[in-house]
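Chain and residue survey
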Amino acid sequence: MKVAKKTEYGLRAMVALALMAGERHAVPLRTIAESENIPEPFLDQIVAKLRKAGFVKSVRGVNGGYMLSRAASDIKIGSLVRVLEGSLSPIGCIGDDVQAVEEFCCRVEGCHTRPVWIRVMDAVTRALDSISLEDVMHDEVPVETVLSES
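Throughout what follows, the structure given in this document is the object of discussion. (Residues numbered from 1 in each chain as written. Predicted model: local features only at pLDDT ≥ 70, side-chain atom pairs only at ≥ 80, totals over all residues. Heavy atoms only, no water.)

1. Notes on the overall build of the chain
- Summing up its helical and strand segments, the chain has eight helices and two strands in all.
- Reading the chain from its N end, one meets helices and strands in the order α-α-α-β-β-α-α-α-α-α.
- Expressed as a percentage of its 150 residues, the buried residues of the chain come to 35%.
- Entry remark: accessible area of the chain is about 9,100 Å², with carbon and sulfur atoms responsible for 52%. (Helix = DSSP H or I, 4+ residues; strand = E, 2+ residues; numbered from the N terminus. Buried < 20%, exposed > 50% of the residue type's maximum accessible area, 1.4 Å probe, protein only. Areas by Shrake-Rupley, 256 points an atom, 1.4 Å probe, with all protein chains shown as cover.)

Structure representation (structure tokens):
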């Protein structure tokens, strides 16, 4: 699975936002962009998606900017990745859209390799959903837990 720049930047921005402000006060977008070396116009598009999905909220005015809409411990990395990246499916035959699955491959039924991709997607989903934004903030990503669940 290759992660798009949008997702990489989005996760970095969320960690920066959590470290700078959390749920307490707003941080200007420019500050986040500068601290993470992310082009501000691109970050604006990313944060708009995150706001629409309910992960951040905007505050207007002189002390305006963005802040987390809930505790970092309640934000799972898997949820962020799905908002920014879309499906975690590594191949089209296990996507969410049934019509697209049938268009992707006529061998969906009885395919011997499809279960491999399902297991890959399940493992990636479990791993990302086991990590909170707070874990990433404190560099406490539970690698042992994720690897031992396999």
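2. Points about the environment of serine 69
- Counting through the fold element by element, serine 69 comes out in the loop between β2 (65–68) and α4 (77–85).
- Judged by its relative accessible area of 29%, serine 69 is partly exposed.
- On a C-alpha basis, the gap between serine 69 and valine 56 in space is 4.6 Å, while along the polypeptide they are 13 residues apart.
- A distance of 2.4 Å separates a polar side-chain atom of serine 69 from the backbone oxygen of glycine 54. (Polar contact = N/O pair within 3.5 Å; in protein donor to acceptor, adjacent residues only side chain to side chain.)

3. What to know about the environment of valine 81
- By the secondary structure assignment, valine 81 is in helix α4.
- When the C-alpha positions of valine 81 and alanine 4 are compared, they lie 9.9 Å apart, and in sequence the two are 77 residues distant.

4. Here we look at the side chain of serine 132
- When you line up the elements, serine 132 lands in the loop between α6 (114–129) and α7 (133–137).
- On the basis of relative accessible area, serine 132 is assigned to the buried category, the value being 4%.
- Other than its neighbours up to four places away in sequence, serine 132 contacts Ala72, Ser73, Ile75, Lys76 and Ile77. (Contact = heavy atoms within 4.5 Å.)

5. Comments concerning the nonpolar core
- Of all hydrophobic cores here, the largest spans 35 residues; its most connected members are Met14, Leu17, Leu43, Leu50, Leu68 and Leu133.
- Elements represented by at least two residues in this core include exactly α1 (5–20), α2 (29–36), α3 (40–52), β2, α4, α6 and α7.
- Sequence-distant contacts of leucine 133, defined by excluding residues within four places in its chain, comprise Met14, Val15, Ala18, Leu68, Ala72, Ile75 and Ile77. (Core = buried A, V, L, I, M, F, W, Y, C linked by side-chain atoms within 4.5 Å.)

6. Structural notes on the packing of α1 against α3
- Axis separation between α1 and α3 bottoms out at 10 Å; the angle between their running directions is 75°. Classified by the angle between their axes, α1 and α3 sit roughly perpendicular to one another. Of α3, the residues touching α1 (which contributes Lys5, Lys6, Tyr9, Gly10, Ala13 and Met14) are Phe42, Leu43, Ile46, Lys49 and Leu50.
- Of the residues assigned to the contact of α1 with α3, the class counts are seven nonpolar, one polar and three charged. (Axes fitted to C-alpha atoms, helices over the stretch in contact; angles between N-to-C directions. Parallel < 35°, antiparallel > 145°, perpendicular 65-115°, else oblique. Nonpolar A, V, L, I, M, F, W, Y, C, P; charged D, E, K, R; others polar.)

7. Some details on α1
- Taking 1.5 Å per residue, 16 residues should reach 22 Å; α1 reaches 22 Å between its end C-alpha atoms and fits that length.
- Among the residues of α1, Thr7, Tyr9, Gly10, Ala13, Met14, Val15, Ala16, Leu17 and Ala18 are the ones counted as buried.
- The secondary structure elements touched by the buried residues of α1 are α2, α3, β1 (56–59), β2, α4 and α7. (Expected span 1.5 Å × (residues − 1).)

By themselves, these observations are geometric and do not establish any function.
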